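Descriptive structure summary
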Protein chains: 4
Amino acid sequence: MDFVYGPGKNHLFVPGPVNIPEPVIRAMNRNNEDYRSPAIPALTKTLLEDVKKIFKTTSGTPFLIPTTGTGAWESALTNTLSPGDRIVSFLIGQFSLLWIDQQQRLNFRVDVIESDWGRGADLDALASKLEADRSHTIKAVCIVHNETATGVTSDLAAVRKLLDEYRHPALLLVDGVSSICALDFRMDEWGVDVALTGSQKALSMPTGMGIVCASPKAMEAAKTAKSVRVFFDWNDYLKFYKLGTYWPYTPSIQLLYGLRTALDLLFEEGLDNVIARHSRLGKATRLAVEAWGLKNCTQREEWFSDTVTAVVVPPYINSADVVKRAWTRYNLSLGLGLNKVAGKVFRIGHLGNLNELQLLGCLSGVEMVLKDVGYPVKLGSGVAAAAAYLRNSTPMITSRI
Amino acid sequence: MDFVYGPGKNHLFVPGPVNIPEPVIRAMNRNNEDYRSPAIPALTKTLLEDVKKIFKTTSGTPFLIPTTGTGAWESALTNTLSPGDRIVSFLIGQFSLLWIDQQQRLNFRVDVIESDWGRGADLDALASKLEADRSHTIKAVCIVHNETATGVTSDLAAVRKLLDEYRHPALLLVDGVSSICALDFRMDEWGVDVALTGSQKALSMPTGMGIVCASPKAMEAAKTAKSVRVFFDWNDYLKFYKLGTYWPYTPSIQLLYGLRTALDLLFEEGLDNVIARHSRLGKATRLAVEAWGLKNCTQREEWFSDTVTAVVVPPYINSADVVKRAWTRYNLSLGLGLNKVAGKVFRIGHLGNLNELQLLGCLSGVEMVLKDVGYPVKLGSGVAAAAAYLRNSTPMITSRI
Amino acid sequence: MDFVYGPGKNHLFVPGPVNIPEPVIRAMNRNNEDYRSPAIPALTKTLLEDVKKIFKTTSGTPFLIPTTGTGAWESALTNTLSPGDRIVSFLIGQFSLLWIDQQQRLNFRVDVIESDWGRGADLDALASKLEADRSHTIKAVCIVHNETATGVTSDLAAVRKLLDEYRHPALLLVDGVSSICALDFRMDEWGVDVALTGSQKALSMPTGMGIVCASPKAMEAAKTAKSVRVFFDWNDYLKFYKLGTYWPYTPSIQLLYGLRTALDLLFEEGLDNVIARHSRLGKATRLAVEAWGLKNCTQREEWFSDTVTAVVVPPYINSADVVKRAWTRYNLSLGLGLNKVAGKVFRIGHLGNLNELQLLGCLSGVEMVLKDVGYPVKLGSGVAAAAAYLRNSTPMITSRI
Amino acid sequence: MDFVYGPGKNHLFVPGPVNIPEPVIRAMNRNNEDYRSPAIPALTKTLLEDVKKIFKTTSGTPFLIPTTGTGAWESALTNTLSPGDRIVSFLIGQFSLLWIDQQQRLNFRVDVIESDWGRGADLDALASKLEADRSHTIKAVCIVHNETATGVTSDLAAVRKLLDEYRHPALLLVDGVSSICALDFRMDEWGVDVALTGSQKALSMPTGMGIVCASPKAMEAAKTAKSVRVFFDWNDYLKFYKLGTYWPYTPSIQLLYGLRTALDLLFEEGLDNVIARHSRLGKATRLAVEAWGLKNCTQREEWFSDTVTAVVVPPYINSADVVKRAWTRYNLSLGLGLNKVAGKVFRIGHLGNLNELQLLGCLSGVEMVLKDVGYPVKLGSGVAAAAAYLRNSTPMITSRI
């Protein structure tokens, strides 16, 4: 039994955890297995090989860690850096804030580049810092590719360009939690040194697997990094990779089979088609927000996120009421505004295994909720705007033509 | 793996089989059990008691038969009638047609009262026949409560009233396949002698269980009915009911546990609330159809169905293209037009475990499809009309207030 | 929650319903689908083609009927015979008795050849009848390949031989419920005209699908058979086979996907290996029974069944106590003795997706139960006898070598 | 599909991950949910309250951490200790070794008390150290309650007695990974300061949840502990406990529902009955080993483990061959010998949701394997010895009497 039952499907539009497709739920519907039998290493081997594709890397080393995104962050930092290391980190929303908090608690000297919430990473500020840092005291640049709290995507290619321009050897560590498998992400091309995501995001699995990928440069850094680490230590994994048994401790058998199927589904649809689908759904959502006469929390088009849209409500409305109403009346789960934007924005997550009609159902629900809480939206207006765009951009389902 | 995969949820809006709620899917996710152990009879006993509530009967005898609706029909007929018996049967659409075909093949003399497809049962014609039948040669009146092919609900209370008015002893046999658990249905109050449904309809389970309920009068008729029957013979069930083992042959363990949960969910929501929800979704759908400028196949409001709406397309459109397009482009499953209305109508099933936003997602999909196939619908118009109504009529989810 | 929970796995050793392998449970763990979409016919087509392999037929026409074994019986009889037709039927146990009862109630003139329970079909008696029947009044010979109540396998090849010897045109109708997919079964080679099984037997699925296969001769007979039939009418299926939509009424989507996986598993193991596995487990069980000093209900080795063993208990023990004790103390489900052998035998089902150690666990459980109810068995004796044989005959698991 | 399929059930007898009962698998068979909705905190609240019962604590503070046992270790250490702290740790097998390795890498000064593998914690050595430590430089005593590598249970009550005797304030940190929910464990009575387990052990769930419980004294220590920690920081949990939202980062929805059911099953059986069942299965296993003429790796009865038995093979046999053979021929998963006892022992895990007949099936399998690899075991001997004991000690299943 669900803990709080309501008729029909729950419409899950938080930006994570997201909807799990039935084939993945099925794949995970199983008893435990001995992870030291030949079967699990054989399965793991295919996973490690295939998971690199979602990072668009051929040279990276992937780690499938039984943890969350927060743990994946810790893994990225502690394996590549030493206490006292100077790092540059962008603060643009709640998740970048939390990562910075972690960086500080792990005893790095964090040079924070702050932007207004709703803006992307301030690359001019980065340029200045890089230019000034002739002695290369900056050991890493840490950036959240897609800030889930504000729906802001920063330009990773531009970050790389700056690093190259200034011939700066700092590592580029990227939180791809709400981007990888959904937004264009090119680890090798953009020279990302550590990229990471969590299973419950665009991979559309349950929470519990932090997926981290390290460049050869990051692997080299790991050899000398002095941060204390055991559970998150890549070396323990590498030791078992060499042995061919792969696991320093017990993995979740269910998540391994789930990942196998999640990857199969991604590859069947085609990663580029998956990214195009996210682009389509993101754009459709923004068109609806515009039609409602509401503002996107994201201040410029260049930063618009195709995985989450933070919608600014008028001052006389508390966005928490929107979220509460959606859940208690329409079985619709929306994201709350967090921290600085609490009460001011609600978020529509449109990432993972999702299609057009699911989104349109959500948008029609948001319209009703907005009216419920006193915002004079014209019912159907957002849906119409989104549908007009989607009708022209949605491809046929390949397997059904 | 699904046989023909598309990203996101399949939007299942055929009028059966319908969406299965997660708790029922979970309940059925199990190994087989020995059906002769004490556990299964104990479970069955609660099911037989509780299933009577969905028929609103206290005096009826229920049968849970491993079959489909077609088998449930056969069970109703062969257990109560003898070859050559005269029966009156209403032909108003494809499913009443199929039932009549079965009645004829089972060697009853079927007095067919035909109406245009889109109209309900012709009760005047029934009145005439009953009046004329002073010698009570009519042994049964057979009626499909809700004709799934045209979205027409006939008035069972009125049928009962006529039978009473003419003091006619004919049995009243009712196909409640797309009505029971969704529309107002009162077996005892309306003097229904045999009522039946299938598990894959408003009960929101997989196909495989025909649920039949017989009044004391029907049970009495079963003692003398001469139709040949073995698999469908109620007597075989009664024999095992008396023994307390309940099953003349192996039941599906999974469907029994599924039914237990399906009933629990119905009772948790409240059967009257479930019926109100169907009424709400039905009305919302009709408002959308109206907003699109399309006609409902059902010719009069009194016959409007709250479980399925058959939408008439303009003559220059083939409704099969609507259905095909919905499935191949939007992962939306709509019902085809059948037989006489093939190509002319498509059907939106809105029965079972379904909520407002699921329906609105479907309606927005239908709008896009209509435009795709050349009908000049205003995108958002149907959704707006439906949402305006739903926003005023949808209650809070009780468990979440 | 299970209805009557006990810790650990339930040891399911009734001769049906049997253990469902995890991959089949997984495959069935899904929402409903529109059975009129292109996906389900495409899936059905592969099933109809592949299901013929389990019958070892290339010329047969298969039917996947939403029913149980009892319904499959009715399908076999009513589609090929006319009321009043003379048929010869062997009575050797409870299931052949029930089939004969059905035959009589369907108004065939049944010429019963009875044997003691524990003996196979009396082929001498058949020979006499065939010889005497110069005018070919016998329209069908009905035989249960494996009588589940007594664990008796009759010799189908010998039946065919007799029919050929006497050049008798009678149809050969075979109940293969507890044989097909487990025992050697050769529909084409043995000239079986209708063969049938149920999904919950050696196919190791839930109950709910009757699988019937008809020879060209049976299909020809169906054209003139006058038995009344609608739900079970093959013609309705054939009509939809021709249309390529396959289903005259709604199938269970879950069982279709389950059958797909069940067949995949059978073919992966290899049908002949599956049959060899059953032979191995049957033999091991009989060795245990012998070691316990108990008698097999089956009177001669030629009739020994490799899918179920009926064990005769000493007169001072009620076999129902064995079954009850097994379930209430050891979570072991054994089969009761039925009808004539009630109280006298208990049954060990060893069919379906089962391996050596599962059987040995069961046998050790039976030993404890026997001791519990007062039979002086030497603990470990049966297990030892079975294991000695199994150790020499069990092959390596192909996929793991 | 399983990655390496074999017919029938996999017999899973590694000491973790263990068999998941069907009700838990069912409970986890679900889509994601928004963990910030009111439903998940409400569920979490019941879990935090109920999980204390498995530790037998009323004063402890539990943490449900998305990690494995290794992460739970790290959580216990880093939250209560500061780098450079002196701790006493017992080395008696592979898992205590790994924990010590972690302790050292986390920069504690570890005073290792080593015993032969197969012996329990050397409490005399502890006594000496405590006696000598007048200035209380020892900040913590770390002990693995049940060493999974050797099947050795150490006496926690005796450790507490020593600490009390010497009035030593050191924290008592206990790895209860293969003991809690299976062996007698009394956090409050024994003054355990941090106890921990993993979901995939006696709780019989998938891997992925580290369950840690801290005494008030440990909570106090956490306020001043200087070990660097973020992901594992209890303070982050406490902050969200106070807010009533409970989660500092995304939990696995599936594991939460799984834990709810796992606890329900434990309480339905009764925790003391669960422990008695483990005692029964442990004893039965040891009787079998004795009957086979083999030695238990555990050197004294006082250390015998009721959750895992490490069986010593004769020198002419490689225990890895036993494990390999079991898996490739009998679908039986046994535990390998690790590190010092690699090749010398194989392990039978008998923990979690397991019953008598499952164990007996395993034991019969081990007998066949032993014979396969050249050890002259008498088939049936171990099964007989185990069954003789089990028959006298196994209770009726309460729900079935």
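About the thresholds
Along every chain, residues carry numbers that run from 1 in the direction the sequence is written. Going through the entries in the order they are written, you letter the chains from A and number the ligands from 1. Restriction of local features to residues with pLDDT of at least 70 applies here, the model being predicted, together with a cutoff of 80 or more for giving and counting side-chain atom pairs; totals for whole chains, interfaces and linings are based on all residues. Values shown for side chains rest on all heavy atoms present in the structure; no hydrogens or waters enter the calculation. Alignment of copies: least-squares fit on C-alpha atoms of residues with pLDDT of at least 70 in both copies. Residue contacts are counted whenever heavy atoms from the two residues lie within 4.5 Å of one another. Residue ranges for the domains trace back to a domain assignment, done automatically or taken from a database. Buried area is understood as the total, over both parts, of accessible area removed when two parts are fitted together, assessed with a 1.4 Å probe. The term salt bridge refers to a side-chain nitrogen of Lys or Arg lying within 4 Å of a carboxyl oxygen of Asp or Glu. Residues adjacent in sequence count toward polar contacts only when both atoms are side-chain atoms; beyond that, a polar contact is any pair of N or O atoms within 3.5 Å, and within protein one must be able to donate a hydrogen and the other to accept it. Only DSSP runs of H or I reaching four residues or more are called helices, and only runs of E reaching two or more are called strands; each is numbered from the N terminus. For this analysis, a ring pair means two rings from Phe, Tyr or Trp (six-membered ring only for Trp) whose centres lie within 6.5 Å, classed as stacked if their planes differ by under 30 degrees, edge-to-face if by over 60, and tilted for the remaining angles. Accessible area is worked out with a 1.4 Å probe on protein chains only. A residue is then buried under 20% of its type maximum, exposed over 50%, and partly exposed in between. In this analysis the charged atom, NZ for Lys or CZ for Arg, is taken to sit over a ring once it is within 6 Å of the ring centre and within 35 degrees of the ring normal. Two strands qualify as a pair provided DSSP detects at least 2 bridges between them. Residues are grouped as follows: Ala, Val, Leu, Ile, Met, Phe, Trp, Tyr, Cys and Pro are nonpolar; Asp, Glu, Lys and Arg are charged; all remaining types, including Gly, are polar. For a helix, the expected span equals 1.5 Å multiplied by the number of residues minus one. We place a 1 Å grid over just the protein atoms. Points where a 1.4 Å probe fits but has no way out form a cavity, open points with protein on both sides within 12 Å along at least 5 of 7 lines form a pocket, and any residue with an atom within 4 Å of a point lines it. Grid points are joined across faces, edges and corners, and a volume is the space filled by probe spheres set on the points.

Of the transformation placing chain C onto chain D, the axial shift is 0.0 Å and the rotation is 180 degrees, giving an RMSD of 0.0 Å. The operation mapping one copy onto its partner corresponds to a two-fold rotation axis. In terms of C-alpha distance to the rotation axis, chain C has Gly361 of chain C as its closest residue, with the C-alpha 1.9 Å off the axis. Of the residues that chain C buries at the interface, 100% are likewise interface residues in chain D, meaning the two copies contact each other through the same surface.

Here we take up the domain arrangement of chain A. Accessible area lost during the coming together of the parts is what is often quoted as the interface size. Residues and elements named next belong to chain A. Along its sequence, chain A is organised into domain 1 (11-18 + 271-400) and domain 2 (22-267). Tallying the contact residues gives 29 residues for domain 1 and 31 residues for domain 2. Where domain 1 abuts domain 2, roughly 2,400 Å² becomes buried across the two surfaces, and 57% of that area is made up of carbon and sulfur atoms. The three residues of domain 1 that bury the most area against domain 2 are Leu271, Ile275 and Trp303, which together make up 25% of that side's buried surface. A salt bridge links Glu114 to Lys340, with the nearest nitrogen and oxygen atoms 3.5 Å apart. Applying the counting criterion to the domain 1 and domain 2 interface returns 13 residue pairs in polar contact (both at pLDDT 80 or more). Looking at the side of domain 1 that touches domain 2, the elements that each hand over two or more residues are helix H10 (271-291) and strand E12 (308-312).

Under the counting rule described, the total for this entry stands at 50 aromatic pairs over all chains. Between the aromatic rings of Phe63 of chain C and Tyr241 of chain C, the centroid separation amounts to 5.9 Å while the plane-to-plane angle is 20 degrees, which identifies the pairing as stacked. With a gap of 178 residues between them, Phe63 of chain C in strand E2 (residues 61-65) and Tyr241 of chain C in helix H8 (residues 234-243) connect regions that are remote in the sequence. Overall, Phe63 of chain C belongs to the buried group, its relative accessible area being 0%. For Tyr241 of chain C, a relative accessible area of 18% corresponds to the buried category. Aromatic side chains Phe185 of chain D and Trp190 of chain D sit 6.0 Å apart centroid to centroid with 70 degrees between the ring planes, which places their arrangement in the edge-to-face category. A relative accessible area of 11% means that Trp190 of chain D is categorised as buried. Cation over ring: Arg400 of chain C sits above Trp327 of chain D, and NZ or CZ is 4.3 Å from the ring centre. Positioned above the aromatic ring of Tyr257 of chain D is the side chain of Arg30 of chain D, whose terminal nitrogen or guanidinium carbon lies 3.4 Å from the ring centre.

What follows covers the sheet that holds strand E12 (residues 308-312) of chain C. All names here are of chain C. Strand order across the open sheet formed by three strands is E11-E12-E14, with antiparallel pairing between neighbours. For this open sheet the edge positions go to strand E11 (295-296) and strand E14 (345-349), each flanked by a neighbour on one side alone. By the bridge criterion, five bridges tie E12 to E14 in an arrangement that is antiparallel. The partner of Val312 across the bridge, within E14, is Val345.

Taken together, the contacts link 55 residues of chain C with 55 residues of chain D. Counting each side, the surface lost to burial between chain C and chain D is near 5,300 Å², with a carbon and sulfur contribution of 58%. The largest contributions to the chain C side of the interface with chain D come from Tyr5, Arg391 and Arg400 of chain C, which together make up 16% of the buried area. A salt bridge links Arg391 of chain D to Asp372 of chain C; the shortest N-O distance between them is 2.5 Å. Put simply, chain C and chain D have 29 residue pairs in polar contact (both at pLDDT 80 or more) between them. Put simply, the parts of the chain that give the side of chain C that touches chain D at least two residues each are helix H1 (22-28), helix H9 (253-269), helix H11 (319-330), helix H12 (356-372) and helix H13 (381-393) of chain C. Ranked by residues supplied to the side of chain C that touches chain D, first place goes to H12 of chain C with nine residues. A breakdown of the residues in the side of chain C that touches chain D according to their chemical character gives 23 nonpolar, 17 polar and 15 charged.

Time to look at helix H4 (residues 94-105) of chain B. Since the α-helix advances by 3.6 residues per turn, residues separated by three or four positions end up pointing in the same direction. Residues and elements named next belong to chain B. With twelve residues, H4 extends 16 Å from end C-alpha to end C-alpha; this agrees with the ideal 16 Å at 1.5 Å per step. Listed as buried for H4 are Gln94, Phe95, Ser96, Trp99, Ile100, Gln102 and Gln103. At the C-terminal side of H4, Asn107 shows a positive phi close to 75 degrees.

On to the pairing of strand E2 (residues 61-65) of chain A, then. Residues and elements named next belong to chain A. Most of E2 sits out of view: five of its five residues are buried. Across the two faces of E2 the burial is the same, with Thr61, Phe63 and Ile65 and Pro62 and Leu64 all buried. One ladder, built from five bridges, connects E2 with strand E10 (residues 210-214); its direction is antiparallel. Opposite Leu64, over in E10, you have Ile211 as the bridge partner.

Of the pockets and cavities examined, the largest pocket occupies roughly 1,200 Å³. Contributing to the lining of the largest pocket are 49 residues, with Leu338 of chain B together with Tyr35, Arg36, Phe240 and Trp247 of chain C lying nearest its centre. At the level of secondary structure, the elements contributing two or more residues to the lining of the largest pocket comprise helix H3 (69-78), H4, helix H11 (319-330) and strand E13 (332-333) of chain B together with H8 of chain C. Among the elements that line the lining of the largest pocket, the one with the most residues is H4 of chain B, at seven residues. Looking at the lining of the largest pocket, its residues break down into 22 nonpolar, 17 polar and ten charged.

Another aspect to go through is helix H3 (residues 69-78) of chain D. Burial within H3 of chain D is extensive, with ten of its ten residues counted as buried. Within the sequence span of H3 of chain D, burial applies to Gly69, Thr70, Gly71, Ala72, Trp73, Glu74, Ser75, Ala76, Leu77 and Thr78 of chain D.

Placing chain B over chain C gives an RMSD of 0.0 Å and needs a rotation angle of 180 degrees, together with 0.0 Å of translation along the axis. Looking at the interface residues of chain B, 98% of them are also at the interface in chain C, so both copies use one shared face.

Turning our attention to the pairing of strand E8 (residues 171-175) of chain A. Sheet faces and side chains relate simply in a regular strand, where the side chains alternate between the two faces. Residues and elements named next belong to chain A. Most of E8 is tucked away, with five of its five residues classed as buried. Burial along E8 is two-sided: the residues Leu171, Leu173 and Asp175 and Leu172 and Val174 are all buried. With five bridges joining them, strand E5 (residues 138-144) and E8 adopt parallel strand pairing. Of the residues in E8, the one forming a bridge with Val141 is Leu172.

Counting residues at the interface gives 58 residues for chain B, matched by 57 residues for chain C. Both faces considered, chain B and chain C share a buried interface measuring about 4,700 Å² in area, 60% of it formed by carbon and sulfur atoms. In this structure, the connection of chain B to chain C is made through four salt bridges. A salt bridge links Arg105 of chain B to Asp236 of chain C, with the shortest nitrogen-to-oxygen separation between them at 2.9 Å. The interface formed by chain B and chain C contains 16 residue pairs in polar contact (both at pLDDT 80 or more). The greatest single-element share of the side of chain B that touches chain C, amounting to four residues, is contributed by helix H2 (residues 39-55) of chain B.

On to the pattern of salt bridges. What the rule picks out here adds up to 104 salt bridges over all chains. Across the salt bridge formed by Arg26 of chain C and Glu22 of chain C, the nearest N and O atoms sit 3.0 Å from each other. With Arg26 of chain C and Glu22 of chain C both in helix H1 and four residues apart, this pair spans about one turn of that helix. Here Arg26 of chain C falls in the buried class, since its relative accessible area comes to 4%. Bridged by salt links that share partners, the residues Asp101 and Arg105 of chain A together with Arg229, Asp233 and Asp236 of chain D form one connected network.

Within the secondary structure, Arg400 of chain D is located in the segment after helix H13 (381-393). Of the polar contacts made by the side chain of Arg400 of chain D, one reaches the backbone oxygen of Val4 of chain C; its length is 3.0 Å. Polar side-chain contacts of Arg400 of chain D include one of 3.0 Å to the backbone oxygen of Trp327 of chain C.

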